[in-house]
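# Inside the fold
Residue-level listing of the chains:
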Amino acid sequence: MPRAWRYAIHDAPRVRSLSQELGVPGLVAQVLLARGVENSDEARQFLSASLLDLHDPSLLPGIDEAADRIVGAIGDDRRITIYGDYDVDGVTGTSLLWHCLRLAGARVDYMIPDRLNDGYGLNPRAIQQLAEEDRTRLIISVDCGIASIQEAALAAELEMELIVTDHHTIGDQLPAASVLVHPRLPGSEYPFGDLCGAGVAFKLAWAVCQRLGDGRKASPHMKEFLLSAVGLAAIGTVSDVMPLLGENRVIVRFGLAGLPERSNAGLKALLKVSDRQPPLDAEDVAFGIGPRINAAGRLQQARLAVDLLTTDDAERAVQLAGHLDKLNKDRKSLQIRILKQAKKQVAEHPEWEEAAGLVLASHDWHAGVIGIVANQVAEEFEKPTIIIAQSAMEGIGKGSGRSFAGYNLYAGVASCSDHLISFGGHHAAAGITIRSDEIPAFRDAFAAHVAGHHEVTDADRELRVDAEVRLEDLSLKAVKALDTLSPFGEGNPRPRFSATGVEMAEEPQLIGKDQRTLRLSLKTTGRPLKAIAFGRPEWAEEIQQADGPLSVCFEPKINRWQGRESVELQLIDWKTGGGLG
Ligand SMILES: [Mn+2]
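Residues numbered from 1 in each chain as written. Predicted model: local features only at pLDDT ≥ 70, side-chain atom pairs only at ≥ 80, totals over all residues.

This part covers the overall build of the protein. Check the secondary structure of the protein and you find 20 helices and 19 strands. The principal-axis extent of the C-alpha atoms belonging to the protein is close to 75 × 60 × 50 Å. Across the 581 residues that make up the protein, the buried fraction comes to 45%. Here the contacts in the protein between residues at least 6 apart in sequence split such that 67% fall between residues at least 24 apart. (Helix = DSSP H or I, 4+ residues; strand = E, 2+ residues; numbered from the N terminus. Buried ≥ 20, exposed ≤ 12 C-beta atoms within 10 Å, placed from the backbone. Contact = placed C-beta atoms within 7 Å.)

What follows deals with helix H9 (residues 220-239). Quick reminder: α-helices carry 3.6 residues per turn. Residues three or four places apart thus point the same way. Under the 1.5 Å per step criterion, the end-to-end length of H9 is 30 Å for 20 residues, consistent within 8% with the ideal 28 Å. Of all 20 residues making up H9, 14 are buried, and the element is well covered by its neighbours. Looking one or two residues beyond H9, the residue adopting positive phi is valine 241, at roughly 55°. (Expected span 1.5 Å × (residues − 1).)

Moving on, we come to the domain arrangement of the protein. Under the domain assignment used here, the protein contains domain 1 (56-325), domain 2 (349-460) and domain 3 (464-576). Computed from C-alpha atoms alone, the centre-to-centre distance between domain 2 and domain 3 is 36 Å. (Domains from an automatic or database assignment.)

In this structure, the amide linkage connecting proline 278 to the following residue, proline 279, adopts the cis form with an omega of 0°. Secondary-structure assignment places proline 279 in the loop between helix H11 (265-274) and helix H12 (282-299). Here serine 486 and proline 487 are connected by a cis peptide whose omega angle stands at 5°. Along the chain, the position of proline 487 falls in the loop between helix H19 (476-482) and strand S14 (497-504). The phi dihedral of valine 241 is positive, around 55°, even though this residue is not glycine. For valine 241, the position within the fold is in the loop between H9 and helix H10 (246-262).

Take the nonpolar core next. By size, the foremost hydrophobic cluster in this structure holds 101 residues, and its most contacted members are Leu97, Leu204 and Ala205. In contact with alanine 205, not counting residues within four places along its chain, are Leu96, Leu97, Cys100, Leu226 and Ala229. One finds Ala29, Val502, Ala533 and Cys553 within the second-largest nonpolar core, a separate group that totals 37 residues. (Core = buried A, V, L, I, M, F, W, Y, C linked by C-beta atoms within 7 Å.)

The subject of this paragraph is the sheet that holds strand S6 (residues 179-181). Pairing within the open sheet is parallel, and its 5 strands lie in the order S3-S2-S4-S5-S6. Every other strand in the sheet has two partners, leaving strand S3 (107-111) and S6 as the edge strands with one partner each. Across this sheet, the average inter-strand angle for adjacent strands is 20°, counted without regard to direction. Pairing analysis gives 3 bridges linking strand S5 (residues 161-165) to S6, with the strands arranged parallel. Along S6, the bridge assignment pairs valine 164 with leucine 180. (Pairing = 2+ DSSP bridges. Axes fitted to C-alpha atoms, helices over the stretch in contact; angles between N-to-C directions.)

By the secondary structure assignment, glutamate 65 is in helix H4 (residues 63-75). Take glutamate 65: there are 15 C-beta atoms within 10 Å of it, and that puts it in the partly exposed class. Along the primary structure glutamate 65 and histidine 167 are separated by 102 residues, whereas in three dimensions their C-alpha atoms are 18 Å apart.

For the rest of this paragraph, the subject is the sheet that holds strand S8 (residues 385-391). A sheet is described by the order of its strands in space; here 5 strands give the open sequence S7-S8-S9-S11-S10, paired in mixed fashion. Of all the strands in the sheet, just strand S7 (358-362) and strand S10 (422-425) have a single pairing partner and so form its edges. When strand polarity is set aside, the average angle formed by the axes of neighbouring strands in this sheet is 15°. One ladder, built from 5 bridges, connects S7 with S8; its direction is parallel. Within the sheet, the bridge partner assigned to valine 359 lies in S8 and is isoleucine 386. Contacting S7, S8, strand S9 (396-402) and strand S11 (429-435), helix H18 (residues 439-453) crosses the sheet at an angle of about 160° to S7.

Glancing now at the pairing of S8. S8 sits mainly inside the fold: 6 of its 7 residues count as buried. Crossover connection from S7 via helix H16 (residues 370-381) to parallel S8: handedness right-handed. As paired strands, S8 and S9 are joined by 7 bridges and run antiparallel to one another. By the bridge assignment, isoleucine 388 is partnered in S9 with glycine 399. (Right-handed = clockwise from strand over helix to strand, strands pointing away.)

We now examine the packing of helix H5 (residues 88-103) against helix H13 (residues 303-310). For any two helices packed against each other, one specifies the inter-axial angle together with the distance between the axes. Taken N-terminus to C-terminus, the directions of H5 and H13 make an angle of 40°; their axes are 9 Å apart at the nearest point. Taken together, H5 and H13 sit at an angle that is classed as oblique. By crossing handedness, the relation of H5 to H13 is classed as right-handed. Residue-level contacts link Val91, Thr92, Thr94, Ser95, Trp98 and His99 of H5 to Ala305, Val306, Leu309 and Thr310 of H13. For the contact of H5 with H13, the class distribution of residues is 5 nonpolar, 5 polar and no charged. (Parallel < 35°, antiparallel > 145°, perpendicular 65-115°, else oblique. Left-handed = near helix turned anticlockwise from the far one by under 90°. Nonpolar A, V, L, I, M, F, W, Y, C, P; charged D, E, K, R; others polar.)

On to the pairing of S9, then. Among the 7 residues that make up S9, 6 are buried, leaving the element largely enclosed by the rest of the structure. Hairpin remark: S8 followed by S9, antiparallel, with 4 residues in the connecting loop; positive phi at glycine 395, about 65°. Of the pairings in the sheet, the one linking S9 to S11 comprises 7 bridges and is antiparallel in character. Within S11, the residue paired with serine 400 across the bridge is glycine 431.

With that out of the way, let us pick up the packing of helix H1 (residues 12-22) against helix H3 (residues 40-48). Where H1 contacts H3, the axes come no closer than 10 Å and their chain directions differ by 55°. On the basis of the axis angle, H1 is oblique to H3. Seen along the crossing, H1 lies across H3 with a hand that is right-handed. For the pair H1 and H3, contact is made by Leu18, Glu21 and Leu22 and by Ser40, Ala43 and Arg44, respectively. Looking at the contact of H1 with H3 residue by residue, the classes come out as 3 nonpolar, 1 polar and 2 charged.

A few words on the environment of glycine 197. Relative to the elements of secondary structure, glycine 197 occurs in helix H8 (residues 197-212). Between the alpha carbons of glycine 197 and serine 141 there is a distance of 9.7 Å; along the sequence they are 56 residues apart. The residues contacting glycine 197, other than those within four sequence positions of it, are Asp85, Asp89, Gly90, Gly93, Val142, Asp143, Asp166, His167 and Gly236.

Attention now moves to the environment of glutamate 438. Mapped onto the elements, glutamate 438 comes out in the loop between S11 and H18. Judged by the 17 C-beta atoms lying within 10 Å of it, glutamate 438 is partly exposed. Separated by 18 residues in the primary sequence, glutamate 438 and leucine 420 have C-alpha atoms spaced 7.7 Å apart.

Next up, the structure:
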């Protein structure tokens with residue numbers, strides 16, 4: 001189905017005056033206005049995004065008491081155990097706090113739960129084990145714990161000191177930990193609620209460094225540590241799909257810029273196997289570095305990724321990075337196979353495709369990757385989707401779901417809880433545990449809930465376009481200037497434009513290993529521009545058969561190849577005819 005292109009309002013006089021006031025190309029001014037920047041002050045602040053814009057750590061609820069307790073534990077030579085989540089955010093947050101405490105002279109170690117066996121958050125078995133080994137230790141959770149009511153109660157009962165640092169949604173009840181550090185605690189006046197778990201851990205590390213310095217400023221080598229820790233916080237922020245605005249924009253921009261120089265042995269090795277060259281952008285993290293870190297927890301143990309990010313042994317780092325790279329390749333092929341099988345299941349059950357929501361299950365699927373596949377299936381069929389990996393032995397399935405177009409998946413799953421052993425999640429994603437014999441009934445109940453509470457409208461399928469431009473306006477200089485608006489990602493998407501009256505300067509070509517990338521040369525009146533389209537091989541023929549000039553929708557990028565830079569357009573959509581869509 002063709003998608004409508006939705007244009008941001010174009011106010012030519014405002015674009016002109018903002019462009020003059022800021023001394024930036026009109027293209028940059030237009031995108032700023034399209035994104036809701038109101039005036040030149042706001043625009044300047046957005047563009048400058050300086051480290052000085054980071055908020056004072058002590059504004060974060062609980063942080064002063066947490067830092068004092070940590071410094072106290074170090075002074076008493078008590079053991080400190082960081083308990084981190086198994087995803088990239090948890091792994092990077094754990095690693096950066098570990099580095100900080102190590103530098104501060106602490107006896108520090110870490111524990112990461114098993115994604116498939118322990119599941120998310122603190123668990124009673126882990127608390128018991130930590131207590132049995134050393135009841136005097138201080139436990140610090142990273143990127144989890146705010147929902148661990150029972151576990152915090154258990155720690156209190158065992159008289160263990162527990163600091164919870166987290167950023168996840170706060171439930172009806174708060175855990176009875178020694179201290180809670182969270183940007184959105186009741187009564188919080190922290191100016192930015194969208195820090196990720198590694199962002200919160202970074203703030204805590206900063207507060208600890210302040211205490212070990214002169215109370216305000218960290219000592220020089222602690223300061224150098226903090227600058228390198230921004231890189232780890234940036235990886236967590238991008239991988240957790242946090243909005244890249246406000247404080248996160250500062251963290252990601254500076255973190256990524258500093259990564260090549262300031263990386264520890266593990267990150268260096270990871271950058272190398274990811275084959276990502278500076279300048280690094282958020283997409284290098286989202287598609288290169290992040291998935292490799294995540295592969296550890298999906299297929300084996302996330303602990304391996306923390307081992308990598310905390311080792312100072314270059315040889316071991318290369319080994320571990322190579323291992324994660326291999327796991328990531330395995331993850332990819334598993335994902336491709338499961339996606340194929342999932343699509344086949346739908347093709348074999350036309351009545352499922354008719355339904356408003358999809359529930360697919362198999363004994364042959366790996367529970368570590370079903371969430372990513374659910375996302376792909378939801379996009380492909382444009383409906384909320386739950387993918388279940390069944391265990392033949394136990395007659396139980398673990399499912400992971402992704403929403404589509406604003407449907408509240410958590411509410412949907414909760415409404416079918418009669419069929420489930422357990423469930424959890426939020427608006428956009430959910431996890432379930434289910435008895436295999438309940439799957440058919442759950443499928444019907446879930447599809448009925450989606451049908452009754454959700455309708456995909458054309459507005460859900462619209463393509464956002466920042467402006468219509470002329471291809472001639474996309475000079476190397478202008479496209480480079482657009483990079484001042486980066487990092488691009490959640491909350492701050494890559495600028496997207498359209499152009500009309502476009503013709504092919506050459507025949508479209510299919511390239512790449514699997515011939516699924518389309519290469520085009522687009523032309524209006526000036527010099528032709530190179531364009532590519534990923535995963536749309538069918539466009540080659542369709543474009544050639546199209547009658548007359550095209551309208552194209554694209555995202556311009558700088559292509560760097562063998563030291564040369566050129567403008568390349570990533571084609572998002574196209575249609576015949578010239579008028580506004
Ligand atoms: Mn997180």
